[in-house]
Amino acid sequence: MSCSYSLIQSVLTINETLGVTTDEDSLENYEKQIVDIVRMESMQQDEPEDATWQPVVEGHEDMYDRLRLVGDYDVIRREATVHYHMRQESFRKAKEAYQRGMKTVAAFYSQQGRAYAEKMREANERASWKLLQLRNAQCDDNTLDLHGLHVQEAIQVLKNYVKLKKRESWCLQKKQTLRIITGRGAHSALNIPKVKFAVEGYFLSSQLNYREVQAGMFHVML
């Protein structure tokens, strides 16, 4: 079955990512529901601009519920990846609908895309917190291990940590040396230590007194 609003390919891709076996007959039923709704939408005339259009495609809720129940870092990151692909698919459909003059359909898919973007952000946030807990479980209070975080996550965590330790130093009226671990980027694309470079850039822009004591490890003097 060929249709510009096909769900089969996107759902199969998502389920393959999750390792879930899916019946294609069920997926085709999902697609038929969307096609019927879109066909009815395109036949409407003199539609009010603020009309609500809320098609519901059931069958995916349990997939996300299973992911939320598992507190494993890799699985949560995988959930974020699923939301990313769903976001991209929603925005693609919104663009197609808009080009065909189906404004309400386009608005619906655009709203869906924004919702998936927020779910992706939340999943990445949970994953980064999980990884921080795992990495820093055995660290002392003056050590922060950012190894494995995404760049933006690492910088935000570092900013909050430095702010907290500065306040602590001021309250205790004593100097502290922080140990910040970024890793060497050995597992990054092209072995480029993006987190390390971003962290050092933050040190420079914040005029912090720091030095690299070994590859992927800094001392920051407060």
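Not measured: the values here are computed from a predicted model. (Residues numbered from 1 in each chain as written. Predicted model: local features only at pLDDT ≥ 70, side-chain atom pairs only at ≥ 80, totals over all residues. Heavy atoms only, no water.)

So, about unusual backbone geometry. Even without glycine at this site, glutamine 173 takes up a positive phi of about 55°. Structurally, glutamine 173 is set in the loop between α6 (151–172) and β2 (177–181). Backbone geometry at glutamine 207 places phi at a positive 55°, although glycine is not the residue there. In this structure, glutamine 207 sits in the loop between α7 (194–205) and β3 (209–214). (Helix = DSSP H or I, 4+ residues; strand = E, 2+ residues; numbered from the N terminus.)

A word on the side chain of arginine 77. Position of arginine 77 relative to the elements: it lies in helix α4 (residues 73–99). Using a relative accessible area of 10% as the deciding quantity, one classes arginine 77 as buried. Excluding residues within four positions of it along the chain, arginine 77 makes contact with Asn124, Ala127, Ser128, Gly148, Leu149, His150 and Glu153. (Buried < 20%, exposed > 50% of the residue type's maximum accessible area, 1.4 Å probe, protein only. Contact = heavy atoms within 4.5 Å.)

Here we take up the sheet that holds β3. Spatially, four strands are ordered β1-β2-β4-β3 in an open sheet, and the strand pairing comes out mixed. A single partner strand is all that each edge strand has here, and the edge strands are β1 (143–145) and β3. Sheet twist, expressed as the mean angle between neighbouring strand axes with direction ignored, is 20°. (Pairing = 2+ DSSP bridges. Axes fitted to C-alpha atoms, helices over the stretch in contact; angles between N-to-C directions.)

All told, the structure shown has five aromatic pairs when counted by the stated rule. Relative to phenylalanine 218, the ring of phenylalanine 203 has its centre 5.5 Å away and its plane inclined at 75°; by these criteria the two rings are edge-to-face. Taken as a pair, phenylalanine 203 in helix α7 and phenylalanine 218 in strand β4 (residues 217–221) lie far apart in primary sequence, 15 residues in all. The exposure class of phenylalanine 203 is buried, given its relative accessible area of 0%. In this structure phenylalanine 218 comes out as buried when scored by relative accessible area, which is 0%. Through a chain of ring-to-ring contacts, the aromatic side chains of Tyr202, Phe203, Tyr210 and Phe218 assemble into a single cluster. (Phe/Tyr/Trp six-rings, centres within 6.5 Å; stacked < 30°, edge-to-face > 60°.)

As a packed pair, α4 and helix α5 (residues 103–136) sit with axes 7 Å apart at the nearest point and diverge in direction by 165°. When the axis of α4 is compared with that of α5, the two are roughly antiparallel. For the pair α4 and α5, the sense of crossing is left-handed. Grouping the amino acids of the contact of α4 with α5 by side-chain chemistry returns 18 nonpolar, seven polar and eight charged. (Parallel < 35°, antiparallel > 145°, perpendicular 65-115°, else oblique. Left-handed = near helix turned anticlockwise from the far one by under 90°. Nonpolar A, V, L, I, M, F, W, Y, C, P; charged D, E, K, R; others polar.)

Take the side chain of asparagine 124 next. With respect to the element layout, asparagine 124 can be found in helix α5. If we ignore the near neighbours within four places in the chain, the residues touching asparagine 124 are Arg77, Ala80, His150 and Glu153.

This brings us to α4. Over its 27 residues, α4 runs 39 Å from end to end, which matches the ideal 39 Å to within 8%, given 1.5 Å per residue. Remark: glycine 101 follows α4 within two positions and exhibits a positive phi of approximately 80°. (Expected span 1.5 Å × (residues − 1).)

This part takes up the pairing of β4. The pairing of β2 with β4 spans five bridges and is antiparallel. Pairing of arginine 179 across the sheet is with histidine 219, part of β4. By the bridge criterion, five bridges tie β3 to β4 in an arrangement that is antiparallel. Looking at β4, one finds that glutamate 212 is bridged to phenylalanine 218.

Another aspect to go through is the pairing of β2. The side chains of a regular strand alternate between the sheet's two faces. By the bridge criterion, three bridges tie β1 to β2 in an arrangement that is parallel. Bridge pairing in β2 places threonine 143 opposite arginine 179. Read as a crossover between parallel neighbours, the route from β1 over α6 to β2 is right-handed. (Right-handed = clockwise from strand over helix to strand, strands pointing away.)

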